[in-house]
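# Secondary and tertiary structure notes
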Amino acid sequence: MITGKDLGGITVATVLPFHEDGAIDWAGYENVLAHCACPDTTDCVFVNGHAGEATALTEAERAEVIRRTRDHIGKDRPLLAGVVPTGYPEARAQAEAAREAGADVAVIFPAEALGGGNASTAAGIRFMEKLADDLDDMPLSVFQFPIASGFGFSTDVLARMAEIPQVVAIKEGSATILAYDENRRAIKAVAPDVAVLPSNFHFFFAQLAVGGDGILSGLASLVPGLLADLWKASQAQDLAAMREANERLYPVVRAIYGPAPVVDMHTRMKDGLRLMGVIGNSAPRLPLLPQSIEVVEGVRDALVSARVL
């Protein structure tokens, strides 16, 4: 069974390309995996999250994404799958379907009812405890949202979730470096083997500098090598090399995550992949929309600056 120690390094949250008619471009997805899921840059693969537009997919499409990804990466590398529920029955059903399709770890997004401040109460803990009990020995990961979203768990709640035996990782997206460090310290104090995976795109450098077990990001779909360079430098405790990797990353981070609305970040990643010739169409499914010419040109300039285009 997968443990937190198996989830270190770079975890790519894969984007999913579509044809112009909205159907999944499976050949394009194979190209995406060939680009970003190579063993020399990427340790684990995460599908059916925000990057993969999971809420725009049918149940059958989510299962097919998992099956095709498993076939591509083989049985030895960890495969994580997002569970994006409105409530408990859907969370359990999605997690069971993900396991059946070949996923090793279910990454549990906060349920809709946990918004409005409820995420910082015992409700989130009880939700995860019941899910862990009902799914028996399936490894689980907690998807931590930005605190400002109203769906981010408090430090105490995250630490108590980390004590659940089936929880092997926290995808840490609190979106402030203070919350990240407080959460990391609290989690490691009670569950040192639970992987804390930085995913705050503006703070990769800072998060790894204070401590982290890897990086989980959709940005690895676009520039896996740059993130791998940052991770390797942090492992070597080479501050100069970390700064050098971060300088190359900076223009890409700003071009992908800077323009409003930030929810379009993964469409911009697909724009970058189209510019690099990996996929032929970057348009998302509704309710997301294609990006403007100006935004796409900003992505092009950033990739050229980062020396990957």
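Look up a bit, the structure's there.
Residues numbered from 1 in each chain as written. Predicted model: local features only at pLDDT ≥ 70, side-chain atom pairs only at ≥ 80, totals over all residues. Heavy atoms only, no water.

### A closer look at the layout of surface pockets
Considered as a void within the structure, the largest pocket measures approximately 720 Å³ in volume. Of all the secondary-structure elements, those providing two or more residues to the lining of the largest pocket are strand E5 (140–144), strand E8 (214–217) and helix H11 (265–275). Looking at which element gives the most residues to the lining of the largest pocket, the answer is H11, with three residues. Considered class by class, the residues forming the lining of the largest pocket number 21 nonpolar, 11 polar and three charged. (1 Å grid on protein atoms, 1.4 Å probe; cavity = no way out; pocket = protein on both sides within 12 Å on 5 of 7 lines; lining within 4 Å. Points joined across faces, edges and corners; volume = space filled by probe spheres on them. Helix = DSSP H or I, 4+ residues; strand = E, 2+ residues; numbered from the N terminus. Nonpolar A, V, L, I, M, F, W, Y, C, P; charged D, E, K, R; others polar.)

### Quick look at the packing of helix H10 (residues 239–257) against H11
Running from amino to carboxyl end, H10 crosses H11 at an angle of 125°, the nearest separation of the two axes being 8 Å. In terms of axis orientation, H10 runs oblique to H11. Contacts between H10 and H11 involve Ala255, Ile256 and Tyr257 from the former and Met265, Arg268 and Met269 from the latter. The class makeup of the residues in the contact of H10 with H11 is five nonpolar, no polar and one charged. (Axes fitted to C-alpha atoms, helices over the stretch in contact; angles between N-to-C directions. Parallel < 35°, antiparallel > 145°, perpendicular 65-115°, else oblique. Contact = heavy atoms within 4.5 Å.)

### Considerations on the sheet that holds E8
Either a parallel or an antiparallel arrangement is found when strands of a sheet pair, and the pairing is made through backbone hydrogen bonds. Here eight strands make up an open sheet; going across it, the order is E7-E6-E5-E4-E3-E2-E1-E8 and the pairing parallel. Because the sheet does not close on itself, it has two edges, and the strands there are strand E7 (195–198) and E8. Here the strands of the sheet are splayed against their neighbours by 20° on average, with no regard to which way each runs. Summarising the sheet, strand E6 (residues 167–172) and E7 pair through four bridges and their orientation is parallel. Residue pairing for E7: lysine 171 is matched across the bridge by leucine 197. (Pairing = 2+ DSSP bridges.)

### Some points on the side chain of threonine 14
Within the secondary structure, threonine 14 is located in the loop between strand E1 (9–13) and helix H1 (26–36). Judged by its relative accessible area of 2%, threonine 14 is buried. Once residues lying within four places of it in the same chain are set aside, the contact partners of threonine 14 are Tyr29, Leu33, Cys36, Val45, Phe46, Val47, Ala51, Gly52 and Ser221. (Buried < 20%, exposed > 50% of the residue type's maximum accessible area, 1.4 Å probe, protein only.)

### Here we look at the environment of glycine 115
When you line up the elements, glycine 115 lands in the loop between strand E4 (105–108) and helix H4 (122–134). Not counting residues within four places of it along the chain, the set of residues in contact with glycine 115 comprises Gly150 and Phe151.

### Re the packing of aromatic side chains
Overall, the coordinates contain seven aromatic pairs when judged by the stated rule. Ring geometry for tryptophan 26 and tyrosine 29: centres 6.4 Å apart, planes at 75°, overall edge-to-face. Here tryptophan 26 and its partner tyrosine 29 are both found in helix H1, three residues apart, which amounts to about one turn of the helix. In this structure tyrosine 29 comes out as buried when scored by relative accessible area, which is 0%. Ring centres of phenylalanine 145 and phenylalanine 151 lie 5.9 Å apart, and the angle between their planes is 50°; this geometry places the pair in the tilted category. Taking the relative accessible area as the measure of exposure, phenylalanine 145 reaches 17% and is therefore buried. Among the residues examined, phenylalanine 151 registers a relative accessible area of 24% and is labelled partly exposed. (Phe/Tyr/Trp six-rings, centres within 6.5 Å; stacked < 30°, edge-to-face > 60°.)

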